[in-house]
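Chain by chain, the residues:
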Amino acid sequence: VTGGSSGIGKCIAIECYKQGAFITLIARDENKLLQTKKEIEKYSVNDKQVVLCISVDVSKDYEQVENVLKQAQEKLGPVDMLVNCAGTSVTGKFEDIEVNSFERLMAVNYLGSVYPSRAVIATMKERRMGRIVFVSSQAGQLGLFGYTAYSPTKFALRGLAEALQMEVKPYNIYITVAYPPDTDTPGFAEESKTKTHHDFPQLGKLLFSFLNCCFPSIQQGNFNSSVGSDGYMLSILTSGMSPVTSITEGLQQVVCMGIFRIIGLFYLGSFDSIVRRCMMQREKSQSADKTE
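Residues numbered from 1 in each chain as written. Predicted model: local features only at pLDDT ≥ 70, side-chain atom pairs only at ≥ 80, totals over all residues. Heavy atoms only, no water.

- Per an unreviewed UniProt entry, the chain carries the name 3-dehydrosphinganine reductase and comes from Fregetta grallaria.
- Database annotation for the chain, UniProt heading Subcellular location (unreviewed entry): "Endoplasmic reticulum".
- Per UniProt, the chain has the following entry under Function (unreviewed entry): "Catalyzes the reduction of 3'-oxosphinganine (3-ketodihydrosphingosine/KDS) to sphinganine (dihydrosphingosine/DHS), the second step of de novo sphingolipid biosynthesis." (UniProt positions renumbered as here; feature names shortened; annotations may be inferred.)

Structure, rendered in structure tokens:
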């Protein structure tokens, strides 16, 4: 589990450990890793289970990532499931975000998933088994105000996942793309610090009102893993050419697409209305300040 020292990655690691899995946690902060290791070990179901910690930046040096994952497999055996949770976010209006933030987010959120996946795929093909999970975001299904740096990086994961699934399916390797909404994690708390009053007025309350639910366990066998009724609707609306797990899933997409598109247009109209209203309020406030 990359990004496994906190947040969603940590919770997934705990759930897997409860089911008897051997866990490798990968993150940058060694102290956090060791603290998380102690916490996870409380949930062991047998004496043979191991939690291995590796401190490395998965977004910078592919050779380093490849080497540490090779070492992990030598100690614990081949990777059955890789969960790419490493990620970060910066919010703000497009022109206010520093250019290097776009580069950093693409490196962490996209390449930070490419590198670990690239490092384990050969072994998975040899064994004819494995699953790779990419943790995207509902902001990777729908472009949202203030997320011009973040959303593209999460959209990119879906493109990678679709192409990779086509390549590895003959080897009995499967891909899952998870689209969690706003989730109560340290990363989300840090992201919220950049949501200033001017950039995220009542707009944010509506945009994310339907995203406030918990992130469940990865649904074994599914390409798309969504949360709640709104997450399900977004998965249908953004299904495009993504693979389906069953005929039933495909029929649901065909039947529901029309009605969900109508509902989606209502959402988009509401979002546009709030953006315009907030812009007018901001301009009115700025004019009043100049008059004074």
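Side note on the overall build of the chain
(1) Moving on: For the chain, the count of helices and strands is nine helices and six strands.
(2) Moving on: Buried residues in the chain amount to 46% of all 292 residues.
(3) Moving on: For the chain, restricting intrachain contacts to residue pairs at least 6 apart in sequence, the fraction spanning at least 24 positions comes to 72%.
(4) Moving on: For the chain, the accessible surface area stands at approximately 15500 Å², while carbon and sulfur atoms represent 55% of it. (Helix = DSSP H or I, 4+ residues; strand = E, 2+ residues; numbered from the N terminus. Buried < 20%, exposed > 50% of the residue type's maximum accessible area, 1.4 Å probe, protein only. Contact = heavy atoms within 4.5 Å. Areas by Shrake-Rupley, 256 points an atom, 1.4 Å probe, with all protein chains shown as cover.)

Focus on the environment of Y147
(1) Moving on: By the element assignment, Y147 lies in the loop between strand 4 (130-135) and helix 5 (151-168).
(2) Moving on: In this structure Y147 comes out as buried when scored by relative accessible area, which is 2%.
(3) Moving on: On a C-alpha basis, the gap between Y147 and F94 in space is 8.0 Å, while along the polypeptide they are 53 residues apart.

Let's talk about the nonpolar core
Most often, soluble globular proteins have nonpolar side chains that are buried together.
(1) Moving on: Counting residues in hydrophobic clusters, the biggest one holds 29 residues, and the most contacted among them are I54, V120, I132, F134 and I175.
(2) Moving on: Of all the secondary-structure elements, those providing two or more residues to this core are strand 2 (51-55), helix 3 (62-76), helix 4 (99-127), strand 4, helix 5 and strand 5 (173-178).
(3) Moving on: Counting 17 residues, the second-largest nonpolar core is a separate cluster that includes V1, I8, I14 and V135. (Core = buried A, V, L, I, M, F, W, Y, C linked by side-chain atoms within 4.5 Å.)

Thoughts on the side chain of S59
(1) Moving on: Topologically, S59 is positioned in the loop between strand 2 and helix 3.
(2) Moving on: Owing to a relative accessible area of 9%, S59 belongs among the buried residues under this scheme.
(3) Moving on: Here D57 takes part through its side chain, which lies 2.6 Å from a polar atom of the side chain of S59.
(4) Moving on: With sequence-adjacent residues up to four places away left out, S59 is seen in contact with A107, V108, G112 and Y115. (Polar contact = N/O pair within 3.5 Å; in protein donor to acceptor, adjacent residues only side chain to side chain.)

Overview of the packing of aromatic side chains
(1) Moving on: Evaluated as defined, the whole model comprises four aromatic pairs.
(2) Moving on: Measuring from centroid to centroid gives 6.0 Å for Y232 and F260, while their planes differ by 90°, and the two rings are edge-to-face. With Y232 in helix 8 (residues 228-237) and F260 in helix 9 (residues 247-291), this pair connects stretches of sequence that are 28 residues apart.
(3) Moving on: Taking the relative accessible area as the measure of exposure, Y232 reaches 32% and is therefore partly exposed.
(4) Moving on: Residue F260 is classed as buried on the basis of its relative accessible area of 13%. (Phe/Tyr/Trp six-rings, centres within 6.5 Å; stacked < 30°, edge-to-face > 60°.)

Let's talk about the sheet that holds strand 4
(1) Moving on: Here four strands make up an open sheet; going across it, the order is 3-4-5-6 and the pairing parallel. Single-partner strands in this sheet number two, and they are strand 3 (81-84) and strand 6 (224-225).
(2) Moving on: The pairing of strand 5 with strand 6 spans two bridges and is parallel. Residue pairing for strand 6: V177 is matched across the bridge by N224.
(3) Moving on: Of the strands in this sheet, strand 3, strand 4 and strand 5 touch helix 4, which is tilted by about 175° from strand 3. (Pairing = 2+ DSSP bridges. Axes fitted to C-alpha atoms, helices over the stretch in contact; angles between N-to-C directions.)

Considerations on the pairing of strand 1 (residues 23-27)
(1) Moving on: Across the five residues of strand 1, five count as buried, placing the element largely inside the fold.
(2) Moving on: Neither face of strand 1 is open: one carries I23, L25 and A27, the other T24 and I26, and all of them are buried.
(3) Moving on: Pairing analysis gives five bridges linking strand 1 to strand 2, with the strands arranged parallel. Considered in strand 2, the bridge of T24 is made with L52.

Considering the packing of helix 3 against helix 4
(1) Moving on: Put simply, helix 3 and helix 4 touch, their axes get as near as 9 Å, and they point 45° apart. Viewed along their axes, helix 3 and helix 4 adopt a mutual orientation that is oblique. Handedness of the helix 3/helix 4 crossing: right-handed. From helix 3, Y62, V65, E66, L69 and Q73 reach across to helix 4, where they touch Y115, P116, R118, A119, V120 and T123.
(2) Moving on: Of the residues contributing to the contact of helix 3 with helix 4, the split by class is seven nonpolar, two polar and two charged. (Parallel < 35°, antiparallel > 145°, perpendicular 65-115°, else oblique. Left-handed = near helix turned anticlockwise from the far one by under 90°. Nonpolar A, V, L, I, M, F, W, Y, C, P; charged D, E, K, R; others polar.)

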